[in-house]
Amino acid sequence: MSLSHESIDVRVSQRILWFGSEAYPLHNITRTNTLQLVPNRGAAIRSHVIYVLLWLFGASVVTGMAQNAFGVLVFLAVLAWVVYKTIKLVEFLKLTLYELVVETAAGSHRGLISNNSHVVHDLAIRITDAINNPLAEFQMRVENFNVGDHITMFGNQNVGKAVR
């Protein structure tokens, strides 16, 4: 699973909800929802174990064929890489993410993913309040996690599915 994050501004100004540079008129929002995203830990561990075994097997083959300092360096490099990937796996297994889903009357939706449940719930309440209050305005900076693949299917920036 690909996981990265960026800071974005979420704000309501003049009856428009902004997620960074994306704008949604508040009168078009039909629903907000919060979800807890739990990673598939079993699949991540299985994938990691297979990955480690393949890399260690490949490194031992190279070490057996080289039988010199190059083989040892390759094996040590693979071990260092495996340790790095194991540390990343442990970080991933500890991570719980929370998603704010905003649905519009047109059937589209926008998700914001954070590791802070309080921020997600607070945003849902603020957006819902802003729908009923024409004078409501707020601005927050949120760490938005990008989980998985990036798919752009419309417009000039159509890339189909781009796996990160």
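The structure displayed is predicted, hence computed values, not measured ones.

**Let's talk about the overall build of the protein chain**
Okay, step 1: Assigned secondary structure in the protein chain consists of 3 helices and 9 strands.
Okay, step 2: By the burial criterion, 28% of the 164 residues in the protein chain qualify as buried.
Okay, step 3: Sequence-distant contacts in the protein chain: of pairs separated by 6 or more residues, those separated by 24 or more amount to 61%.
Okay, step 4: Just so you have it, the protein chain exposes about 10,600 Å², and 60% of that area is on carbon and sulfur atoms.

**Side note on the sheet that holds strand β6 (residues 109-114)**
Okay, step 1: With antiparallel pairing, the 3 strands of this open sheet are ordered in space as β4-β5-β6. Since the sheet does not close on itself, it has two edges, and those belong to β4 (29-37) and β6, each with one partner. Across the sheet, the mean angle from the axis of one strand to that of its neighbour is 15 degrees, orientation sign disregarded.
Okay, step 2: Taken together, the 6 bridges between strand β5 (residues 97-104) and β6 define a ladder with antiparallel strand orientation. When the bridges of β6 are listed, Glu-103 appears paired with His-109.

What counts, and at which threshold
- Residues numbered from 1 in each chain as written.
- Predicted model: local features only at pLDDT ≥ 70, side-chain atom pairs only at ≥ 80, totals over all residues.
- Heavy atoms only, no water.
- Helix = DSSP H or I, 4+ residues; strand = E, 2+ residues; numbered from the N terminus.
- Buried < 20%, exposed > 50% of the residue type's maximum accessible area, 1.4 Å probe, protein only.
- Contact = heavy atoms within 4.5 Å.
- Areas by Shrake-Rupley, 256 points an atom, 1.4 Å probe, with all protein chains shown as cover.
- Pairing = 2+ DSSP bridges.
- Axes fitted to C-alpha atoms, helices over the stretch in contact; angles between N-to-C directions.

Function-wise, these values are silent; they only describe arrangement.
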